[in-house]
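# Coordinate inspection notes
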Amino acid sequence: MLEIPCPFCGPRPEVEFRCGGEADIRRPADPDRCSDRAWTDYLWNRTNPKGVHRERWWHVHGCRRWFVVSRHTVSDTILAVSDSGQTAQPQETAADG
Amino acid sequence: MRRGRYSFAALVRHALSGHRRWPPAWRRREPKRAYDVVIVGGGGHGLATAYYLAAEHGVRDVAVVEKGWIGGGNTGRNTTIIRSNYLHPESIALYDHALRLWPTLSLELDFNIMFSDRGVMMLAHDLHDERILKRHIHANRLLGVDNRWLSPAEAKAFCPPLNIDPRARYPVLGAALQERGGVARHDAVAWGYARAADRLGVHILEGIEVKAIRRRGDRVLGVETDRGVIAAGRIGVVVAGHSSVVLGTAGLRLPIESFPLQALVSEPVKPVFPCVVMSNRVHAYISQSDKGELVIGAGTDQYVSYSQRGGIQVIRHNLEAILELFPIFARLRLMRQWAGIVDVTPDRSPIIGPTPIRGLYVNAGWGTGGFKATPGSGHLFAWTLAHEEPHPIVAPFGLDRFESGRLIDESAAAAVAH
Amino acid sequence: MAEGPVRLPVGGRIDRKRRLAFRFDGRRLAGHPGDSLASALLANGIRLVARSFKYHRPRGIYAAGPEEPCALVELRRDEARVDPNCPAGEVELFDGLEARSQNRWPSLAWDVGALADRLKPLLPAGFYYKTFRWPAALWTRLYEPLIRRMAGVGRAPRLPDPDRYAHRHHHCDVLVVGAGAAGLVAAELLGRAGLSVLLVESRAQPGGWLADGGAGVRLDGDAAPHWLQAQLARLEALEGVRLLTRSTAFGLYDHGFVGVLERIADHLPLPAPGTPRERLWWVRAKAVLITTGCLERPLVFPDNDRPGVMLAGAAAHYLHHHGVLVGRRPVIFTNNDSVYGLALELARAGAAVTVVDVRPAPPARWERELCEAGVRMLCGRAVVGSEGRSGLHTVHILALDADPALSLPKPLAADALLVSGGLQPNAALFAQARGRLCFDEELGAWRPDEAPPRLWAAGGANGRLSLAAAVEDAARAARDVIRSLGGREPRLELPRVEEETFAQTPFWCSPLKGAAAARRAFVDLHNDVTVADIAVAIREGYRAIEHLKRYTTAGMGPDQGKIVQGNLQGLVARELGRAVQEVGTTTFRQPWTPVPFAALVGAHRGPLFEPLRTPPTHPWAEAHGALFEDVGPWRRARVFPRSGEDLEAALRREARAVRTACGVIDASTLGKIEVAGPDAAIFLDRIYTIAVSRLRVGRCRYGLMLRDDGMVLDDGVVARLEEHRFHLTTTTGGAARVLAWLEEWHQTEWPELRLWITSTTEQWATIALSGPRARELLARLAEGIDLDGAAFPHMSFREGRIAGVPARVFRISFTGELGFEINVEAGFGLHLWEALIEAGSDLGLTPYGTEAMHLLRAEKGYVIVGQETDGTVSPLDLGLEGLLAKNKGDFIGRRALALPALQSPERKQLVGLLPSEPGSVLEEGAQLVPSPEATPPAVSEGHVTSSYFSPNLERSFALALLARGRQRHGERLWATRLDGAPVPVEVVPPCFYDPEGQRLRM
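Residues numbered from 1 in each chain as written. Chains lettered and ligands numbered in written order. Predicted model: local features only at pLDDT ≥ 70, side-chain atom pairs only at ≥ 80, totals over all residues. Heavy atoms only, no water.

### A short note on the nonpolar core
Residues Trp102 of chain B together with Leu37, Leu175, Tyr318, Phe333, Leu417 and Leu418 of chain C are the most contacted members of the largest nonpolar core, which totals 202 residues. Counting residues per element, this core draws most heavily on helix α7 (residues 186-199) of chain B, at 8 residues. Discounting residues that sit within four places of it in the chain, tryptophan 102 of chain B has contacts with Ile82, Ile113, Phe115, Ala184, Val189, Phe371, Lys372, Thr374 and Pro375 of chain B. (Core = buried A, V, L, I, M, F, W, Y, C linked by side-chain atoms within 4.5 Å. Buried < 20%, exposed > 50% of the residue type's maximum accessible area, 1.4 Å probe, protein only. Helix = DSSP H or I, 4+ residues; strand = E, 2+ residues; numbered from the N terminus. Contact = heavy atoms within 4.5 Å.)

Next up, the structure:
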């Protein structure tokens, strides 16, 4: 079980969180001007990297805040965490893996 | 009789020479510079594809390129459940195509893959479950696929350890039984296909890693490996757990995320569990292996990972559910836990067929349930590679369905991994 | 001279004054407190205790710990407390213990299964892959059941487990695993640095190898046991250090998370009243230090499996812990120095000891003492065979430089053969936690190489085989840990260890040439995998170590090959002519030792598995004989049968009452959410398909929420309580999901919107009252609300008092009748319900359950999310285009509705169905086909989503999703049945009752 460094509550066990998948997925700003391809790319396609993954976590059994974690998907080591949602500029701070 | 054919008589004969004269099940080969077809990934699906290409389409200049050892991915890490009682007609056709190949596979491959049609029973714990399972039964039967409804007492008769106490937290209201479903010996499936393919001239290249797909424009040229370039005009990528990584080298973005899927076994005990039982509601499935271990699985972990590990809390919750259904297993002990990497698509259906790059074909996204499809997937993918167009059964499963919106959503009914 | 194992008159940590009675296979025997089952069996002269997995070979006690591959027994406390596959050396003896041997029939001495041993030429590795294929049907019916019966070892219990299991969560700075010399020294240093330390030891006493005698080493000039006592006292004095014994760290998981199983009562006949049998500690440590010492590797030679063959370390254990001499004429077979202390001790205890060392000369340090003690030395030789069916009596010894084709092995009488293939670091936990191992050619074993964050290994587990090196390494690791945690380094003088360096020479297998070649040399004693099996497998192409494991089953037994791996990899390397490092290891997985399912689950069983939720009127419903159904996490009343009524009769009565008089249902399970703030309306416009911003204060509207792929996610009513304050309802099952959905979109997509989202599901009890007489009834209880139709129109809400308590009343309806949903503070829910029941008795007020609710809404064609929809249904499919606001801008799911597949006329659309036979109720889930003769495989055109008999329509009807359904009203189709031929139905619009909605507006 991972230990997720919630930027608001400190390190907490994974069971308190939900993982919200890849961060940085942009919902097209003007859906009406967006092609079917662009729209379904937003809906379905994912980077799914073997390496560092920026992903959203939600502290559901805690502060209920969303934040972004950078985690290596092979070692599962957590490299950084930023305290804002995906639209804000991430303030990355080192976190203990 | 071909040399090295397996049989009881052959066992007796080889016993006289201390079994020192068995030929290799598959040979070690040096990679050639080019093949007609290169299959990337030596799991069950890839090996089956190569076998059927050679056996049914006369395409024998085939290499299966495997970065590790064959059958070392999800083929060797799953809970081996085989069934075809899916919901949508497209899925039923696909999975039943596989299920029809299983019973004679041992004979066809000359390798006992121990397919055991002991029956797969899916439990209903509330009226909603009952409605969904019955919808499956209706849909299956219409397509000639067996599936029937059992009362709690009938379910108990079919699986004596099952707790059908109506006061249980999740009482058993009934079950859907597919009698043709069952299990098989997963490793043997890989080995059996490898051996049969090898005999038809297919090169099985273990320990060679594909680093990139080579293309020129929209046409595929071959694969770059750690042992040099291997050219091929047709390439089938069948690398469950690494589909995004391998196809990413060809510039493709996929509707796939890779999650850990865990499973566990108990220590071996004498026969106590005669069938396969699944419960979507409590997220658990269980059977007993021929060696005697209870083989138990659950849903995926929640985060993308290529580590082949997951969190113990998933196992713990899984066992809570198992003890709820089978309280007599409480004192049995967890002997080993492990995980595979499953490529999950948004609609929980696989992606099979051509890609925007000519000559490059994909077979991926089987999620948590790919093992059951192994023979069918290989059979249909071989057809697709041989004809350079999708077989009618796999045509609805193309990558293009995500753009058109024509998804085949099995997730409504498959909240649990299996 | 007498033969076999015997209890010595002195020595060991047993209490010879007290006797414990126990039984093995029904035989009454006695032991002493301090015995293990294995030591007690040995003390009783018993050597045959088990049968092997495949060949049913007679087997004895081979080890003293969890690595035991042979002596697995079934413990039986009562019918429900049956524990199969317990290693006999791990079982602490208690009075009345009952053990049975396993995998034999009819008895241990006479086992029919041993026939397999006679058929061994036909049963090489993987024989089952080569036969049993014909005819195909016989596999499942004949061959497989036979194999299954032969396989498995113990038996599963037949009754549920009555014992309790506890969990404890523990946070500490450092978890030290293993209280041997290294662990004890490290824990002291860490404790002195002011860190909180949990030190866990799987045995009943700490000390590890030192407690096993320590081969006579001296620390600080003291004998090992004395130093141990003093060290434990030093730890005791450190406040931050806690020692847990009988506690096994079985699994190292991610980020310093470790599972530790504490066996509280396994050494007792039964757990003390009120205490659990076992406690699982879930430890989160900032650092984990692994000091699990070494495992002894067996030696592989022909017939190395007889009862009487045992690890040398186990013999030392039985001698030091239990005062048991495992044989009076033992032969020790070794490739290393670790056994010489034992040889002396056995000789001094009166045994006639012979040491067979594969090396040309004994270590110089021991030579004189050995000679004095009368130990016979045979160097440069190997054991190449043994005799003794159910107990060893002779070993065969061959000079290694002799030509095996010419020279004959020499027999030597022996009643025990103690083997030591060298020590190998016990680094399983290190590898579990993703530590990388490397093969150390000098050690001839794998040792930790690269550690992941938070993890350290030290001592024997880190490849430091001599005590002096191990202690030094432990101090080094402890200092590293202290530095990494930012602690202050304490001064500590390490114990002075008087011990020579330790040497071992890798030795994978005795020569198998000549006569020996026909004998079996076992690599895996549990699964009966031999050297020949490995060779056959390699020849057949199974060269990868994982293929070899899987093909031969080596290392796959309950012991998980703890002492198999080293030899297996060495043999494979030799066979392939490759380095062991290249051959690699199989993956190390949790758990280190088996963990009972019940211990992992703890208290989460029965009612605590997944807590059940009940609405406020549940006690009333129970008292009034309701039948219930589970909906998501809730248990809801399904019908309220009166005496003599069955479900169907009660349903019809309830459904009629709502249409003709009035009814009440507890709808508290509906999710309720308040959204407030200046931008709440903008937000909800984007969330819902409807234009929430155009809703006037005091009004409500029904709306859908879509996923961004256009499919229906949930539905419910939005009420505008104030300009900037909204009350939303969700489906019962969707409450948590929708709350999460709103929070996610707000925080991650539109964080600039100013609003707050709060779940109020638990704050409000909701009682829905509906029927033509609902207003009349409500008027009797309402204060401060004008109930007149014009003053309080359909789809509006008012606040006031109902039955004396503050209430929000929504004039909405899920039945199609005049309806009010009354929300009161949750604690008043039952009060309101009872007040309504009392006030409505003369108006025909009838409580109704979910079944009538479903029927009534279906008569109106109202959909249930999750029944008419399944995640693949869009609002267009449901004919709810009217709910898609046109001019309010974008909302979630809108864009996807324009995708070609979602616009396709071929999609399934919601329709009504009338069965041609008005009395026949269609089956929910039935498929719709164009002809009654449709034989499989036939194309489905749609399926029945809801189906009922309506007492109001006096006929059956159904809702369905049907391809091109809206164009097909009037068409005749057939619906499949599970038992019988399809039945004809007519396609109609999906509303069967009051299509104009007059009754809602009364």
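### Focus: empty space enclosed by the protein
Inspection of every chain in the model, using the stated rule, returns 11 cavities of 30 Å³ or more. In this structure, the largest cavity encloses a volume near 440 Å³. Surrounding the largest cavity, 29 residues form its lining, Ala428, Gly561, Lys562, Gln565 and Phe588 of chain C being those nearest its centre. Put simply, the parts of the chain that give the lining of the largest cavity at least two residues each are β16 (333-344) of chain B together with β27 (423-425), α9 (428-432), β29 (445-450) and α13 (565-576) of chain C. The dominant element in the lining of the largest cavity, judged by the number of residues it contributes, is α13 of chain C, at 3 residues. Within the lining of the largest cavity, the residues separate by chemical class into 11 nonpolar, 13 polar and 5 charged. (1 Å grid on protein atoms, 1.4 Å probe; cavity = no way out; pocket = protein on both sides within 12 Å on 5 of 7 lines; lining within 4 Å. Points joined across faces, edges and corners; volume = space filled by probe spheres on them. Nonpolar A, V, L, I, M, F, W, Y, C, P; charged D, E, K, R; others polar.)

### Considering the packing of aromatic side chains
Under the counting rule described, the total for this entry stands at 46 aromatic pairs over all chains. Between the aromatic rings of phenylalanine 683 of chain C and tryptophan 750 of chain C, the centroid separation amounts to 6.2 Å while the plane-to-plane angle is 80°, which identifies the pairing as edge-to-face. Residue phenylalanine 683 of chain C is found in helix α18 (residues 680-687), and its partner tryptophan 750 of chain C is found in the loop between α19 (735-749) and β42 (756-759); the two are separated by 67 residues along the sequence. For the pair phenylalanine 683 of chain C and tryptophan 750 of chain C, a shared accessibility class is recorded, and that class is buried. The ring of tryptophan 22 of chain B carries the charged tip of lysine 130 of chain C above its face, separated from the ring centre by 4.3 Å. Positioned above the aromatic ring of tyrosine 55 of chain C is the side chain of arginine 520 of chain C, whose terminal nitrogen or guanidinium carbon lies 4.6 Å from the ring centre. (Phe/Tyr/Trp six-rings, centres within 6.5 Å; stacked < 30°, edge-to-face > 60°. Lys NZ or Arg CZ within 6 Å of the ring centre and 35° of its normal.)

### Let's talk about the interface of chain C and chain B
Between chain C and chain B, the contact holds 120 residues from the first and 103 residues from the second. Regarding the contact of chain C and chain B, the summed buried area is about 9800 Å², with carbon and sulfur atoms giving 56% of it. There are 8 salt bridges connecting chain C and chain B. Counting every contact that joins chain C to chain B gives 56 residue pairs in polar contact (both at pLDDT 80 or more). As judged from the 2 bridges shared by β16 of chain B and strand β34 (residues 595-596) of chain C, these two strands associate in the antiparallel manner. Pairing of arginine 333 of chain B across the sheet is with proline 596 of chain C, part of β34 of chain C. (Buried area = accessible area lost by both parts, 1.4 Å probe. Salt bridge = Lys/Arg side-chain N within 4 Å of Asp/Glu carboxyl O. Polar contact = N/O pair within 3.5 Å; in protein donor to acceptor, adjacent residues only side chain to side chain. Pairing = 2+ DSSP bridges.)

### Brief notes about the domain arrangement of chain B
All names here are of chain B. Partitioning chain B into domains gives domain 1 (27-84 + 86-111 + 186-255 + 347-404) and domain 2 (120-180 + 258-344). Taking the mean C-alpha position of each, domain 1 and domain 2 sit 28 Å from one another. Interface area for domain 1 against domain 2, summed over the two sides, is near 2300 Å², with a carbon-plus-sulfur share of 59%. A per-residue breakdown of the area domain 1 buries against domain 2 is headed by Arg77, Thr79 and Leu87, which together make up 25% of the total. Here domain 1 is connected to domain 2 by 1 salt bridge. A salt bridge links arginine 180 to aspartate 96; the shortest N-O distance between them is 2.6 Å. Where domain 1 packs against domain 2, one counts 9 residue pairs in polar contact (both at pLDDT 80 or more). For the side of domain 1 that touches domain 2, the elements supplying multiple residues, two or more each, are β3 (81-82), α3 (89-101) and α8 (243-248). (Domains from an automatic or database assignment.)

### Here's the deal with the interface of chain A and chain C
Facing 30 residues of chain A, the contacting portion of chain C comprises 27 residues. Taking both sides of the interface into account, the surface hidden between chain A and chain C amounts to around 2600 Å²; carbon and sulfur atoms contribute 45%. Across the chain A-chain C interface, the total number found is 9 salt bridges. Here arginine 894 of chain C and aspartate 32 of chain A are joined by a salt bridge, their closest N and O atoms 2.9 Å apart. Run the count over chain A and chain C and you get 20 residue pairs in polar contact (both at pLDDT 80 or more). Of all the elements in the fold, those that place two or more residues in the side of chain A that touches chain C are α1 (36-44) and β4 (52-58) of chain A. Per element, the largest residue contribution to the side of chain A that touches chain C is 6 residues, and it comes from α1 of chain A. Split into classes, the residues belonging to the side of chain A that touches chain C amount to 13 nonpolar, 8 polar and 9 charged.

### Quick word on the side chain of asparagine 426 of chain C
Here asparagine 426 of chain C lies in the loop between β27 and α9. Residues in contact with asparagine 426 of chain C, not counting those within four places in the same chain, are Thr292, Gly293, Cys294, Leu295, Ala461 and Trp592 of chain C.

### Digging into the domain arrangement of chain C
For chain C, the assigned domains are domain 1 (165-294 + 425-498), domain 2 (640-670 + 770-862) and domain 3 (903-1002). Distance from the C-alpha centre of domain 1 of chain C to the C-alpha centre of domain 3 of chain C: 69 Å.

### A look at the sheet that holds strand β23 (residues 381-387) of chain C
All names here are of chain C. What the 3 strands build is an open sheet, ordered β23-β24-β25; its pairing is antiparallel. Looking along the sheet, the strands with just one partner apiece sit at the ends: β23 and β25 (410-413). Neighbour-to-neighbour, the strand axes of the sheet open up by a mean angle of 35°, direction not taken into account. Of the pairings in the sheet, the one linking β23 to strand β24 (residues 394-399) comprises 6 bridges and is antiparallel in character. Each residue of the ladder has a partner; that of valine 383, found in β24, is isoleucine 397. (Axes fitted to C-alpha atoms, helices over the stretch in contact; angles between N-to-C directions.)

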